[in-house]
Amino acid sequence: MTFTIRPLDPLKDAELLHGWVTHPKAAFWMMQDAKPADVERAYLEIAADEHHHAYLGFHEDVPAFLMEKYDPAHRELAGLYEPRPGDVGMHFLVAPADTPVHGFTRAVITAVMAHLFEDPATARVVVEPDVRNKAVHALNEAVGFVPEREIQKPEKKALLSFCTREQFVAATGVPV
């Protein structure tokens, strides 16, 4: 599968994202009760943040996923672990589908990881999904993430996991 990724436009994309982040399958995104204005505001804040970036991913020119990239030394994980040079934090959300395509979400996370590792400065990707999100733990493992430990964040108990470039290549066979 081929994907393209572009920077998110909070003003143009907020309505689309609202439908995604409030969908029942996006419960772990923690925006179930968000209004469209809340989504727009949240992504305007990200757009103004030098340490956090949001992107929209497309499959065959159709919006298919949201990706966020952040500096874990400054956002999300600041003070919760010892960051290394080259660490990049990541979140991703696949758009809800009327007819799910087998393997699609795994293809998305693989594309997200390949995109992050395209930057030679990225040495390791860091994730902190909710400990209860077993589906994403399996996806993370499939692309090379290794869980380190559970951590308590203000909004959730999370599974801190890491994936180096070498682990990603070994798990997926995708050259980066």
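Read on for a plain summary of the structure. (Residues numbered from 1 in each chain as written. Predicted model: local features only at pLDDT ≥ 70, side-chain atom pairs only at ≥ 80, totals over all residues. Heavy atoms only, no water.)

Observations concerning the environment of Arg124
- Within the element layout of this structure, Arg124 appears in strand 5 (residues 124–127).
- Once the C-alpha coordinates of Arg124 and Leu17 are considered, the two residues, 107 residues apart in sequence, prove to be 27 Å apart.
- Filtering out sequence-adjacent residues up to four positions away, Arg124 remains in contact with Tyr81, Glu82, Arg84, Gly86, Asp87, Val88, Phe117, Phe162, Cys163 and Thr164. (Helix = DSSP H or I, 4+ residues; strand = E, 2+ residues; numbered from the N terminus. Contact = heavy atoms within 4.5 Å.)

Focus: the nonpolar core
- Met90, Phe92, Val108, Val112, Met113 and Phe145 are the most contacted members of the largest nonpolar core, which totals 26 residues.
- Of all the secondary structure elements, the ones that give two or more residues to this core are strand 3 (62–70), strand 4 (87–94), helix 3 (104–117), strand 5 and helix 4 (134–142).
- If we ignore the near neighbours within four places in the chain, the residues touching Met90 are Glu68, Tyr70, Ile109, Val112, Met113, Leu116, Val125, Val126, Val127 and Phe145.
- Counting 18 residues, the second largest nonpolar core, distinct from the first, contains Leu8, Ala14, Ala54 and Leu93. (Core = buried A, V, L, I, M, F, W, Y, C linked by side-chain atoms within 4.5 Å. Buried < 20%, exposed > 50% of the residue type's maximum accessible area, 1.4 Å probe, protein only.)

Section: the pairing of strand 5
- Residues Arg124 and Val126 of strand 5 are buried on one face, and the alternating residues Val125 and Val127, pointing to the opposite face, are buried as well.
- Pairing analysis gives 3 bridges linking strand 4 to strand 5, with the strands arranged parallel. Looking across to strand 5, one finds that Gly89 is bridged to Val126.
- On the question of chirality, the crossover connecting strand 4 to the parallel strand 5 by way of helix 3 is right-handed.
- Pairing between strand 5 and strand 7 (residues 157–164): 4 bridges, direction antiparallel. When the sheet's bridge partners are listed, Val127 is paired in strand 7 with Ser161. (Pairing = 2+ DSSP bridges. Right-handed = clockwise from strand over helix to strand, strands pointing away.)

Notes on the packing of helix 1 (residues 10–21) against helix 2 (residues 36–47)
- Running from N to C, helix 1 and helix 2 cross one another at 125 degrees; their axes reach a closest spacing of 8 Å. On the basis of their axis angle, the class for helix 1 and helix 2 is oblique. Pair helix 1 / helix 2 crosses with right-handed handedness. Along its contact with helix 1, which presents Pro10, Leu11, Ala14, Leu17, His18 and Val21, the element helix 2 presents Pro36, Val39, Glu40, Tyr43, Leu44 and Ala47. (Axes fitted to C-alpha atoms, helices over the stretch in contact; angles between N-to-C directions. Parallel < 35°, antiparallel > 145°, perpendicular 65-115°, else oblique. Left-handed = near helix turned anticlockwise from the far one by under 90°.)

Don't take any of this as a statement about function, it's just geometry.
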